[in-house]
Amino acid sequence: MREQNWFAVVLEMVIVIVGVVVGFQITAWGADRADRATEQTYLRQLAADLRETTRMTAETDSVLLGPDRAGGRMWAAFYAAEPPSRDSLFAWRAVLARIGRARPLLGTVESLVSTGDLGLVRDDSLRTAIAAYLENARRQLDSQEEHRRIWWAGLDRLDEGLDLIESYHEAWGQEAIEAFVQGSPSYPPLGETRIRFPLDADAFLSDRELLSATWRMTRAKDELRTLRAAMRDGALELLHRVEAHIEP
């Protein structure tokens, strides 16, 4: 009887141990499935962000192509054998003022890194690539803002050499200027106006500081376009790696 009782006790202990082990395995299996599902959700969201980043940077390049060329023509005018007309200078100034800002979508990659969920990505090289992409994107954004500041400073200096209102006044007349300022608390009614500082194209193109300002603006635009290309290339490179780990 004693031996039979011990056998039953051992058998029960074995059953309990096996049950606990199986339970742990089932729990681990379920957790692993949940982690894999979360990983796949992140990767799909990240892929969508990267696609949008490539689309957005390409669209920005397209939109700014005209303004960028206008800025280049303004700079080249300082070296032209035959100086351009006043109308050309005004036209280039009116168009070049668009600068834009490219902002890659970083919500998913920032969430992965800040929450520690980056560890859910099973592939070591992909984890490294995601972290590196975020670091590069942040540096690119900082650099973009610096070049934007350079560009705006150049534009402020350029506008010391010409009064854009003069072109509005010549093109559309007094009524157009009044319509422009009407209803804004920032502008009083102008009444009859005259241009105090009419543009002298020769004097404008003979100003060394204006040439320097225009050159800084042109270079800043080139750097901004290069940065957008780098954003796009980085997003495409990571996108290809991410897509390789998305399960069907």
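Predicted model, so just to flag it, every value in this text is computed and none were measured.

Engineer: What's the story with the pattern of salt bridges in this structure? I'm lost.
Structural biologist: Side chains bearing opposite charge may pair, as long as their charged atoms lie close to each other. This model, assessed by the stated rule, comprises 24 salt bridges. Of the charged contacts in the structure, one is a salt bridge between Arg148 and Glu145, with a shortest N-O distance of 3.8 Å. You can see Arg148 and its partner Glu145 sitting in helix H4 (residues 124-158), three residues apart, about one turn around the helix. Of the residues examined, Glu145 reaches a relative accessible area of 23% and is grouped as partly exposed. By sharing partners, the salt bridges in this structure join Asp61, Asp68, Lys221, Arg225, Arg228 and Arg232 into a single network.

Engineer: Explain the layout of surface pockets here, please?
Structural biologist: Over the atoms, a rolling probe the size of a water molecule traces out where space has been left empty. Taken as a whole, the largest pocket spans an internal volume of roughly 150 Å³. As for the largest pocket, its lining consists of Ala129, Ala132, Tyr133, Asn136, Ala137, Gln140, Ala230, Met231, Gly234, Glu237, Leu238 and Arg241. Among the elements of the structure, H4 and helix H7 (208-243) are those that each provide at least two residues to the lining of the largest pocket. Looking at the lining of the largest pocket, its residues break down into seven nonpolar, three polar and two charged.

Engineer: Looking at this structure, I do not really get the nonpolar core. What am I missing?
Structural biologist: A general feature of soluble globular proteins is that nonpolar side chains tend to end up buried together. Judged by nonpolar contacts, the single largest core of 24 residues is most densely connected at Leu46, Leu50, Leu106, Leu126, Ile130, Leu238 and Val242. For this core, the elements supplying multiple residues, two or more each, are helix H1 (2-77), helix H3 (107-115), H4 and H7. Ranked by residue count, the leading element in this core is H4, at seven residues. Setting aside its immediate chain neighbours within four residues, Leu126 contacts Leu43, Val121, Leu238, Arg241, Val242 and His245.

Thresholds, definitions, all that
- Residues numbered from 1 in each chain as written.
- Predicted model: local features only at pLDDT ≥ 70, side-chain atom pairs only at ≥ 80, totals over all residues.
- Heavy atoms only, no water.
- Salt bridge = Lys/Arg side-chain N within 4 Å of Asp/Glu carboxyl O.
- Helix = DSSP H or I, 4+ residues; strand = E, 2+ residues; numbered from the N terminus.
- Buried < 20%, exposed > 50% of the residue type's maximum accessible area, 1.4 Å probe, protein only.
- 1 Å grid on protein atoms, 1.4 Å probe; cavity = no way out; pocket = protein on both sides within 12 Å on 5 of 7 lines; lining within 4 Å.
- Points joined across faces, edges and corners; volume = space filled by probe spheres on them.
- Nonpolar A, V, L, I, M, F, W, Y, C, P; charged D, E, K, R; others polar.
- Core = buried A, V, L, I, M, F, W, Y, C linked by side-chain atoms within 4.5 Å.
- Contact = heavy atoms within 4.5 Å.

By themselves, these figures tell us nothing about what the structure is for.
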